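# Coordinate analysis (summary)
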Amino acid sequence: MAAPVSSVDKTPAECSALNVTSFQKKTRSKSISIPGTRPSVQNGQLLVSSGVTSLDYLLGGGLAVGTVLLIEEDRYDSFSRMIFKYFLAEGVVCRHELFVAATQDDPDDILQELPAPILDDVAIHRPGDQPRMSCEPQDTLDAMKIAWRYQNLPKVQSALASSSRFGHYYDVSKIMEPEIRQAAKWHRFYHPEHPPLSSGTHSPKLESYSALLKSLREVIRREGFDLNAPLPKSRNILRVGLHSLGSALWGDDLCCHDNPKNVHALTSFLYGLRALLRSSLAVAVVTVPSHLIQDRALMGSITRLCDNAIALESFKGSERETNPLYKDYHGLLHVRQVPRLNCLASQLPDHKDLAFKLKRKQFTIERLHLPPDLSETVSRVGKGESAAAACASSSAKHLDF
Amino acid sequence: MLSELLQGTDIGGFLLIQDSCTYCGRDLLKSFIEAALNREEVVHVLGFDVSEEELKDGLKSSVFQGLHFHNAFADPLGWTDNSHFTVHQFSSSGLAELLKQTAQSKPATLVIDSLSWILRHVTPTAVCHTLQQLKKGGAVKTIIGLLHEDMHSRGIVGSVCRLATSFISVAPGTKADEGLAKITRRSKSGKVMQDEQIFSIRKDLTVTVLSKPTNFGRKQSNTEEQVDPTANLTFNLRLTDSEREAKEKLALPFAFSTEKKTALLHSGPGSGKILYEPDANDDYDQEDPDDDLDV
């Protein structure tokens, strides 16, 4: 019997709320234990899940706290927006704080479109919710026809396990319930509320980016994420999501001109952002419409200024959509950069040819490989040619091995 | 998909028609105007490229009440003192004032002919900002714009296309009076639908959509075939209704009655013990396990 017998002995009233075993993991008291984070196995950095478990695996276990992830958007901004939403949804589920900045859509709208977490593993702290125990056997016995011996085990795992579980799965077809979403604390920066001034001055900074950086710095100081200031008792992580930096709506003409006037605006913003994050308990995800930026050198320097960088290339609309090689996938994923944090070498992914597919319950990133060539003519032709060369007779074709 | 767009079900959207010098998109723009006027909508046209007479040519005169033409063709940069509409008035405040002048009850459809003219004289960031403000609603319900893609760099065209909720790129078709339209629609949830259709516009500005081009054998994303695994087999895998009922009624081997289930689930201590008495046939000799072999 797989199920432990001891738990079945106790009456339902005695069974403590959610504990199946009494095993307690031994943790070092000195390390920071913030829900939703875990130390990296490679270098001990505190890691945070990006919301997509296969992306966590690619980036060496997760996003390190204090770093920036750059996502180069695909052509119609559908998949990069999806990853952005996964990142924010993961923050809501792990009860981190959020900071969302956008120009094209109101941050409220973005938060309302977050995907719903698959709930078996998430303990939602609703006041009146009791775990299903076998207090009323008549009702619950009909639930499972074949595996009825497992009915009494609670469906929700213990609270400790669920909050320290790293990486959750989301159902894209459903929207996150308002109760879960409203429990999360978040801050917004909607650019049209800060109207742009005309770019008459030739300063390297742009008004919109300066305002964004100021707002972020103020939130970090006020809410206690700053590592230099004395930290409050209970610590938390701030997840910063910046959507479509560099697009024309931020007032930046990087995407519009080949020789933009504000060449250094975005790069100096990213420099300031990374400096701010290194001294605070925060993680940032930045999306940039790189397919519109003509200057490859500029794109290279933007990549260097962020720690992690991935690029999404979707097949929609390109001629690759009909290519049979790519028929199972929605696009290609390129890992442009992996950081070296407090160590000499970085953990590069093993395979460079990666493709992604957005399924309903998972965003999978897989290695792209050629299917086996099972056509019959391939080997036959080879053998025929070599046979003809060796025998040099007209009946070489009839040799059938 | 083209006919759906013509019916104007997109509220708060920005439809962008992109043409080039090989095929002029103004006829398609005029058919959109005609369709909107037939639906009794209020249409404001900012005319930069062509004059009022040329734009109204072909439109039925009976529907002219809803059409407000703002003449920016005569003097777009304001060189004389009496210009109707200059290119610098293309901002969210300028347009709001313009729309207030013609007091209407319902939100209007704004047609811009063409955006290329505006982009040459106003910075792309300001144009994008204005379009974004207009899209958010209020006085304007839908925006239809015409853009000539060969007049601008790829970056500018891309930046403006990013704002569009529906995007039609027209090119000449195989026959003389036919055009090929590549349509991309982005829904609110981020889903992108694409289609290619051959169309032709008749004299009265109605658009007939002809068959899809045959040499582009692209499958539509929303018609994926569901492969039925029970088809094409030499044996029968399907169940009739009576068979399904019989299957449900079948008693499973370990399906106990409810009393026995509760007894087992809430059993007392010691129920897990297994008592076993080895009988004569079982060999229990631990020293030589092969003792019973007859070798």
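Residues numbered from 1 in each chain as written. Chains lettered and ligands numbered in written order. Predicted model: local features only at pLDDT ≥ 70, side-chain atom pairs only at ≥ 80, totals over all residues. Heavy atoms only, no water.

The number of helices and strands found in chain B is nine helices and nine strands. Within chain B, contacts between residues separated by at least 24 positions form 64% of all contacts whose residues are at least 6 apart in sequence. (Helix = DSSP H or I, 4+ residues; strand = E, 2+ residues; numbered from the N terminus. Contact = heavy atoms within 4.5 Å.)

This part takes up the sheet that holds strand β6 (residues 166–172) of chain B. All names here are of chain B. With mixed pairing, nine strands are arranged side by side in an open sheet as β3-β2-β4-β5-β1-β6-β7-β8-β9. Each of the sheet's edge strands pairs with one partner strand only, and the pair in question is β3 (67–71) and β9 (207–209). Averaged over all adjacent pairs, the angle separating strand axes in this sheet is 25 degrees, with direction ignored. Two elements, strand β7 (residues 178–186) and strand β8 (residues 192–201), share nine bridges in a ladder whose sense is antiparallel. What sits directly across from A181, in β8, is Q197. Sheet contacts for helix α4 (residues 92–101): β2 (43–47), β3, β4 (108–113) and β5 (140–148); angle to β2, the most-contacted strand, approximately 130 degrees. (Pairing = 2+ DSSP bridges. Axes fitted to C-alpha atoms, helices over the stretch in contact; angles between N-to-C directions.)

In this section: helix α2 (residues 26–38) of chain B. Because each turn of an α-helix spans 3.6 residues, side chains separated by three or four positions in sequence point in the same direction. Residue and element names in this part refer to chain B. Here α2 is 13 residues long and its end C-alpha atoms lie 18 Å apart, about the 18 Å a rise of 1.5 Å per residue gives. The element α2 is extensively covered by neighbouring structure, given that eleven of its 13 residues are classed as buried. What α2 keeps buried is the set R26, L28, L29, K30, S31, F32, I33, E34, A35, A36 and L37. Positive backbone phi, approximately 65 degrees, marks E40, located one or two places after α2. (Expected span 1.5 Å × (residues − 1). Buried < 20%, exposed > 50% of the residue type's maximum accessible area, 1.4 Å probe, protein only.)

All names here are of chain A. Taken as a whole, this structure holds 23 salt bridges over all chains when the rule is applied. Of the charged contacts in the structure, one is a salt bridge between R222 and E218, with a shortest N-O distance of 3.0 Å. Of this pair, R222 and E218 both sit in helix α8 (residues 207–223), separated by four residues, roughly a single helical turn. Taking relative accessible area as the criterion, E218 reaches 47% and is therefore assigned partly exposed. One salt-bridge network, held together by shared partners, links R81, K85, D105 and E113. (Salt bridge = Lys/Arg side-chain N within 4 Å of Asp/Glu carboxyl O.)

Turning our attention to the confidence of the model for chain A. Residues and elements named next belong to chain A. Chain-level statistics for chain A give a pLDDT mean of 77 and a share of 72% at 70 or above. This model gives residues 157–163 a pLDDT under 50, and the stretch forms 14 contacts once residues within four places in sequence are excluded. Between residues 379–396, whose pLDDT stays under 50, and residues either more than four places distant or in other chains, the model counts six contacts. (pLDDT = per-residue confidence, 0-100.)

So, about the sheet that holds strand β3 (residues 63–64) of chain A. Residue and element names in this part refer to chain A. Read from one edge to the other, the open sheet built from three strands follows the order β1-β2-β3, with strand pairing classed as antiparallel. Because the sheet does not close on itself, it has two edges, and the strands there are β1 (37–39) and β3. As paired strands, strand β2 (residues 46–48) and β3 are joined by two bridges and run antiparallel to one another. Within the sheet, the bridge partner assigned to V48 lies in β3 and is L63.

Looking along the chain, the bond that leaves D113 of chain B and enters S114 of chain B is cis, with omega of -5 degrees. Relative to the assigned elements, S114 of chain B resides in the loop between β4 and α5 (115–121). In this structure, D77 of chain A takes a positive phi of about 55 degrees despite not being glycine. Its location among the elements puts D77 of chain A in the loop between β4 (68–72) and α3 (79–93). The phi torsion at S244 of chain A lies on the positive side, around 55 degrees, for a residue other than glycine. Checked against the element boundaries, S244 of chain A lands in the loop between β9 (238–242) and α9 (265–278). For S244 of chain A, a relative accessible area of 1% corresponds to the buried category.

Residue and element names in this part refer to chain A. Topologically, L325 is positioned in the loop between β11 (308–314) and β12 (331–337). Separated by 43 residues in the primary sequence, L325 and L368 have C-alpha atoms spaced 8.9 Å apart. For L325, the contacting residues outside a window of four places in its chain are L368, H369, L370 and P371.

An ideal rise of 1.5 Å per residue puts 24 Å on 17 residues; α8 of chain A measures up with 24 Å between its terminal C-alpha atoms. A positive backbone phi angle near 85 degrees is found at G224 of chain A, which sits one or two residues after α8 of chain A.

Counting across every chain of the model gives zero disulfides over all chains. No disulfide involves C343 of chain A; its sulfur sits 18 Å from the nearest other cysteine sulfur, which is in C306 of chain A. A relative accessible area of 32% means that C343 of chain A is categorised as partly exposed. As a non-bridged cysteine, C24 of chain B has C21 of chain B as the owner of its nearest cysteine sulfur, 11 Å distant. Judged by its relative accessible area of 40%, C24 of chain B is partly exposed. (Disulfide = S-S within 2.5 Å.)

Another point: the packing of aromatic side chains. According to the stated counting rule, one finds eleven aromatic pairs over all chains in the structure shown. When the centroid spacing of 6.3 Å and the interplanar angle of 75 degrees are considered together, the rings of Y86 of chain A and F363 of chain A count as edge-to-face. Residue Y86 of chain A is located in helix α3, and its partner F363 of chain A is located in strand β14 (residues 363–367); the two are separated by 277 residues in the primary sequence. A single burial state applies to Y86 of chain A and to F363 of chain A, both of which are buried. Seen from their ring centres, Y23 of chain B and F199 of chain B are 6.2 Å apart, and the 85 degrees between their planes marks the pair as edge-to-face. One end of the pair, Y23 of chain B, is in the loop between β1 (14–19) and α2; the other, F199 of chain B, is in strand β8, with 176 residues separating them in the sequence. In this structure, Y23 of chain B and F199 of chain B share a single accessibility class: buried. The ring of F87 of chain A is capped by R239 of chain A, whose NZ or CZ atom sits 4.9 Å from the centre of that ring. (Phe/Tyr/Trp six-rings, centres within 6.5 Å; stacked < 30°, edge-to-face > 60°. Lys NZ or Arg CZ within 6 Å of the ring centre and 35° of its normal.)

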